[in-house]
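Breakdown of the fold
Below are the chains, spelled out letter by letter.
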Amino acid sequence: MGLIYDNPDLAALTLTRLAAKESEGPGTLEGRMRNYLDGLEQRNGTAYLELVAITLARIHFKSLDDLARATGADAAGLLDTAEVEALEGF
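Read on for an overview of the structure. Source: prediction; values computed, not measured.

Some words on helix H1 (residues 8-22)
Counted at 1.5 Å a residue, the expected span for H1 with its 15 residues is 21 Å, and the 21 Å between its end C-alpha atoms agrees. Regarding H1, the residues found buried are Ala11, Ala12, Thr14, Leu15 and Leu18. Considered in projection along H1, the buried side chains sweep an arc of 160° and stay on one side of the axis. Measuring from the side-chain oxygen of the N-cap residue of H1 to the backbone nitrogen of Asp9 gives 2.8 Å; that N-cap residue is Asn7.

Structural notes on the packing of helix H3 (residues 46-71) against helix H4 (residues 75-88)
In the contact formed by H3 and H4, the axes pass within 8 Å of each other and the chain directions differ by 120°. Relative to H4, the element H3 lies oblique. With respect to the hand of their crossing, H3 and H4 are arranged in right-handed fashion. In this structure, H3 uses Phe61, Leu64, Asp65, Leu67 and Ala68 to contact H4, whose residues at the interface are Ala75, Leu78 and Leu79. Counted by class, the contact of H3 with H4 contains seven nonpolar, no polar and one charged residues.

Conventions adopted
Residues numbered from 1 in each chain as written. Predicted model: local features only at pLDDT ≥ 70, side-chain atom pairs only at ≥ 80, totals over all residues. Heavy atoms only, no water. Helix = DSSP H or I, 4+ residues; strand = E, 2+ residues; numbered from the N terminus. Expected span 1.5 Å × (residues − 1). Buried < 20%, exposed > 50% of the residue type's maximum accessible area, 1.4 Å probe, protein only. Arc of directions from axis to C-beta. Polar contact = N/O pair within 3.5 Å; in protein donor to acceptor, adjacent residues only side chain to side chain. Axes fitted to C-alpha atoms, helices over the stretch in contact; angles between N-to-C directions. Parallel < 35°, antiparallel > 145°, perpendicular 65-115°, else oblique. Left-handed = near helix turned anticlockwise from the far one by under 90°. Contact = heavy atoms within 4.5 Å. Nonpolar A, V, L, I, M, F, W, Y, C, P; charged D, E, K, R; others polar.

Here it is in C-alpha coordinates:
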(Lines give C-alpha, C1' and ligand atoms only; values in the text may rest on other atoms or scores of the structure.)
Protein backbone atom coordinates (compact mmCIF):
# COMPACT_ATOMS: atom_id res chain seq x y z
CA MET A 1 0.00 0.00 0.00
CA GLY A 2 1.39 3.39 -1.02
CA LEU A 3 1.46 6.56 0.95
CA ILE A 4 -1.53 8.91 0.75
CA TYR A 5 0.54 11.35 -1.32
CA ASP A 6 1.12 8.62 -3.89
CA ASN A 7 -2.25 9.64 -5.34
CA PRO A 8 -1.44 11.62 -8.55
CA ASP A 9 -3.74 14.50 -7.62
CA LEU A 10 -2.25 14.84 -4.14
CA ALA A 11 1.30 14.40 -5.48
CA ALA A 12 0.71 17.24 -7.94
CA LEU A 13 -0.58 19.45 -5.14
CA THR A 14 2.42 18.58 -2.98
CA LEU A 15 4.76 19.63 -5.79
CA THR A 16 2.74 22.82 -6.25
CA ARG A 17 3.11 23.62 -2.54
CA LEU A 18 6.86 23.07 -2.76
CA ALA A 19 6.99 25.35 -5.81
CA ALA A 20 5.00 28.00 -3.95
CA LYS A 21 7.47 27.91 -1.07
CA GLU A 22 10.37 28.02 -3.53
CA SER A 23 8.93 31.16 -5.10
CA GLU A 24 9.27 32.97 -1.77
CA GLY A 25 13.03 33.03 -2.14
CA PRO A 26 16.11 30.98 -2.86
CA GLY A 27 16.50 27.72 -1.07
CA THR A 28 16.94 24.01 -1.41
CA LEU A 29 13.36 23.21 -2.32
CA GLU A 30 14.24 22.13 -5.85
CA GLY A 31 16.16 19.32 -4.20
CA ARG A 32 13.11 18.52 -2.08
CA MET A 33 10.98 18.30 -5.22
CA ARG A 34 13.49 15.99 -6.89
CA ASN A 35 13.67 13.81 -3.77
CA TYR A 36 9.89 13.67 -3.61
CA LEU A 37 9.67 12.66 -7.28
CA ASP A 38 12.42 10.08 -6.82
CA GLY A 39 10.48 8.54 -3.94
CA LEU A 40 7.28 8.44 -5.97
CA GLU A 41 9.10 6.79 -8.86
CA GLN A 42 10.75 4.20 -6.62
CA ARG A 43 7.44 3.24 -5.03
CA ASN A 44 5.22 3.46 -8.10
CA GLY A 45 7.35 3.35 -11.26
CA THR A 46 8.04 5.73 -14.11
CA ALA A 47 4.53 5.46 -15.58
CA TYR A 48 3.22 6.93 -12.34
CA LEU A 49 5.29 10.09 -12.89
CA GLU A 50 3.56 10.44 -16.24
CA LEU A 51 0.22 10.58 -14.39
CA VAL A 52 1.61 13.26 -12.07
CA ALA A 53 2.75 15.31 -15.09
CA ILE A 54 -0.69 14.97 -16.70
CA THR A 55 -2.35 16.01 -13.45
CA LEU A 56 -0.06 19.05 -13.16
CA ALA A 57 -0.89 20.11 -16.71
CA ARG A 58 -4.62 19.80 -16.01
CA ILE A 59 -4.30 21.81 -12.79
CA HIS A 60 -2.28 24.47 -14.59
CA PHE A 61 -4.89 24.81 -17.33
CA LYS A 62 -7.74 24.89 -14.80
CA SER A 63 -5.98 27.76 -13.04
CA LEU A 64 -5.63 29.62 -16.34
CA ASP A 65 -9.27 28.93 -17.16
CA ASP A 66 -10.38 30.18 -13.72
CA LEU A 67 -8.29 33.33 -14.20
CA ALA A 68 -9.79 33.84 -17.64
CA ARG A 69 -13.32 33.58 -16.29
CA ALA A 70 -12.57 35.95 -13.41
CA THR A 71 -10.97 38.57 -15.64
CA GLY A 72 -12.99 38.13 -18.83
CA ALA A 73 -9.86 37.12 -20.71
CA ASP A 74 -9.57 34.20 -23.10
CA ALA A 75 -7.98 31.07 -21.59
CA ALA A 76 -6.28 30.19 -24.88
CA GLY A 77 -4.90 33.72 -25.05
CA LEU A 78 -3.52 33.44 -21.52
CA LEU A 79 -1.92 30.13 -22.44
CA ASP A 80 -0.41 31.71 -25.56
CA THR A 81 1.00 34.56 -23.48
CA ALA A 82 2.51 32.18 -20.94
CA GLU A 83 4.09 30.16 -23.75
CA VAL A 84 5.56 33.23 -25.43
CA GLU A 85 7.00 34.42 -22.10
CA ALA A 86 8.54 31.01 -21.48
CA LEU A 87 10.03 30.97 -24.98
CA GLU A 88 11.48 34.45 -24.51
CA GLY A 89 13.54 32.99 -21.67
CA PHE A 90 15.53 30.82 -24.10
